[in-house]
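# Residue-level structural notes
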Amino acid sequence: MTQGDDPQPTVQATDPARPSPDAATRVFLRDVLDGLSQPAKWIPGRYLWDDRGGELFDRVTAGPHYYVARHETALLLTHAAEIADLVGEGAAVVEFGSGASHKIRVLLDALHRPRRYVPVDIAGAFLAQSAARIAADYPALAIDAVCGDYTAPLDLPQALHDGPVLGFYPGNTLGTYDEPVLIEVLARMRRSLGRSWFLVGVDPNSDLDSIRRGYADADGLMAAFHRNVLVRLRDELGADVDPDDFRHEALVFADPLRTEAHLVAKRALTVRIGGQAVAFAAGESVRTDTSHKWRPELFAAVARRAGWEPIGSWVDAPELFSLHLLRAK
């Protein structure tokens, strides 16, 4: 479909590889028990992202301390026209981890006659609402919303490859991964997108004070976002856990430079989940997320190892955020 063929684009949720609800719950339980059985307890960060998690994080990004969203949007506004000229006319845009689909509007407004938008997110209801708003505001744009785990192989719409393809991965989600996993994820996305462009956001920030403020906001929204995974353990997996028994803490480490989000037990307690008992000492934590900080030259080297060729790189003046335009080799 090209722009103008259908003034009423449909919004579809398509992911034939997505497991059934029962199977997804079994995988969720397995992953959680695996992580909680480790000497340093952890829960995979992807389980932060249900509909409630998406809503909470959308509020976090609008706050004054979370610098990532603010600086990335400023970079996009400054360089979107240059990026659009490089990508060319009639692009289809695939956004990974689309969330509320705020930043994509800057790209869609700058691109030359974009023909299709494919938001990909794991939170189905939140995804449908966001895609519907884009459909209402861009009536000439074909939209296919894909609900699924975008770090796994994806079955994207066939019509995607009728012209140029631009993958878009905003925020600093790529910072979740250490180097070996990052290479694997970038290579998998290259296979999903095919011969395409890829615009990604990367956090190069080395200012420890701003990192601490950004990941441990004073208004409690970041804490609520991370404690929401405990709500999911209780409501979806039947765990006898009280989220109020844990406090959120953001820790910064130097080598490699990264921040980690932890939920720290306020007292000694035992959580029963899936027929198993998981003991926490007072002050013991479970890691819920990691955000690595990648200098531009280091990220470019990793992207090359994953089969991407760096084409352009833009870093804001305070060096709090960067954008990288890649092209599949």
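Use the structure listed above.
Presented here is a report on the structure given in the accompanying data block. (Residues numbered from 1 in each chain as written. Predicted model: local features only at pLDDT ≥ 70, side-chain atom pairs only at ≥ 80, totals over all residues. Heavy atoms only, no water.)

This paragraph deals with the nonpolar core. Of all hydrophobic cores here, the largest spans 67 residues; its most connected members are L199, L233 and F280. Here this core gets nine residues from one element, more than from any other, and that element is helix α3 (residues 67–87). (Core = buried A, V, L, I, M, F, W, Y, C linked by side-chain atoms within 4.5 Å. Buried < 20%, exposed > 50% of the residue type's maximum accessible area, 1.4 Å probe, protein only. Helix = DSSP H or I, 4+ residues; strand = E, 2+ residues; numbered from the N terminus.)

The next point concerns the environment of F253. Here F253 lies in strand β7 (residues 246–254). In the structure, F253 is positioned 39 residues away from H292 in sequence and 9.4 Å away in space, judged by C-alpha atoms. Ignoring anything within four residues of it in the chain, the contact list for F253 reads R258 and E260. (Contact = heavy atoms within 4.5 Å.)

Turning our attention to the packing of helix α2 (residues 51–61) against helix α5 (residues 124–137). When two helices pack together, their arrangement is captured by the angle between the axes and the distance separating the axes. Between α2 and α5, whose axes approach to 7 Å, the crossing angle comes to 55 degrees. When the axis of α2 is compared with that of α5, the two are oblique. Residue-level contacts link D51, G54, E55 and D58 of α2 to G124, A125 and F126 of α5. (Axes fitted to C-alpha atoms, helices over the stretch in contact; angles between N-to-C directions. Parallel < 35°, antiparallel > 145°, perpendicular 65-115°, else oblique.)

All right, on to α5 then. In a regular helix each residue adds 1.5 Å, so 14 residues correspond to 20 Å; α5 covers 20 Å between its end C-alpha atoms and thus fits that length. F126, L127, S130, A131, I134 and A135 are the residues of α5 that are buried. Residues of α5 that are buried make contact with α2, α4 (104–110), β2 (116–121), β3 (142–143) and β4 (146–147). (Expected span 1.5 Å × (residues − 1).)

A few words on α3. Along α3, the helix axis deviates most sharply at H79, where the bend reaches about 55 degrees. Every buried residue of α3 is listed here: Y67, V68, A69, H71, E72, L75, L76, H79, A80, I83, A84 and V87. Phi turns positive, to about 95 degrees, at G88, one or two residues after α3. (Bend = angle between axes of the 7 residues up to and from the residue.)

According to the stated counting rule, one finds 21 salt bridges in the structure shown. In this structure, D50 and R232 form a salt bridge, with 3.9 Å as the shortest nitrogen-oxygen distance. Taken together, the residues D50 in the loop between α1 (21–36) and α2 and R232 in helix α8 (residues 221–237) connect sequence positions 182 residues apart. In terms of burial, D50 and R232 fall into one category: buried. A salt bridge links K103 to E72; its shortest N-O distance comes to 2.5 Å. Taken together, the positions of K103 in the loop between β1 (92–96) and α4 and E72 in helix α3 put the pair 31 residues apart, joining distant regions of the chain. A single burial state applies to K103 and to E72, both of which are buried. (Salt bridge = Lys/Arg side-chain N within 4 Å of Asp/Glu carboxyl O.)

Attention now moves to the side chain of D316. Residue placement: D316 occurs in the loop between β12 (308–315) and β13 (322–328). Of the side chains with opposite charge, R70 comes closest to the buried, unpaired D316, at an N-O distance of 8.5 Å. Only 2.8 Å separates the side chain of D316 from the backbone nitrogen of L320, close enough to count as a polar contact. Setting aside chain neighbours within four positions, we find D316 in contact with H71, L75 and F321. (Lys, Arg positive; Asp, Glu negative; His and termini not counted. Polar contact = N/O pair within 3.5 Å; in protein donor to acceptor, adjacent residues only side chain to side chain.)

The next thing to look at is the sheet that holds strand β11 (residues 285–292). Spatially, the three strands line up as an open sheet ordered β7-β8-β11, and their pairing is antiparallel. Across the chains shown, the open sheet's two edge strands, defined by having one partner strand only, are β7 and β11. Neighbouring strand axes in the sheet, compared pairwise and without regard to direction, differ in orientation by 20 degrees on average. Two strands pair when backbone bridges link them, and β7 and strand β8 (residues 257–265) are joined in this way by nine bridges, in the antiparallel orientation. Its bridge partner being in β8, F246 is matched across the sheet by A265. Along the sheet face, helix α7 (residues 208–215) touches β7, β8 and β11 and points at about 155 degrees away from the line of β7. The sheet contacts of α8 involve β7, β8 and β11, and relative to β7 the element is tilted by about 110 degrees. (Pairing = 2+ DSSP bridges.)

Now for the pairing of strand β9 (residues 269–273). A one-sided burial pattern is seen for β9, the buried positions being L269, V271 and I273 and the unburied ones T270 and R272. Sheet analysis places β9 next to strand β10 (residues 276–280), joined by five bridges and oriented antiparallel. Looking across to β10, one finds that T270 is bridged to A279. Connecting β9 to the next strand, β10, in antiparallel fashion are two residues, including G274 with a positive phi near 55 degrees.

With that settled, the discussion passes to the packing of aromatic side chains. We describe a pair of aromatic rings using the distance from one ring centre to the other and the angle between the two ring planes. The full count for this structure, using the stated rule, is ten aromatic pairs. Ring centres of W49 and F57 lie 5.0 Å apart, and the angle between their planes is 75 degrees; this geometry places the pair in the edge-to-face category. Looking at W49, the relative accessible area reads 29%, which means it is partly exposed. With a centroid separation of 5.1 Å and 45 degrees between ring planes, the pair formed by F57 and F225 is classed as tilted. Placement of F57 in helix α2 and of F225 in helix α8 is noted, with a sequence separation of 168 residues between them. (Phe/Tyr/Trp six-rings, centres within 6.5 Å; stacked < 30°, edge-to-face > 60°.)

The quantities given are spatial measurements derived from coordinates; they are silent on function.
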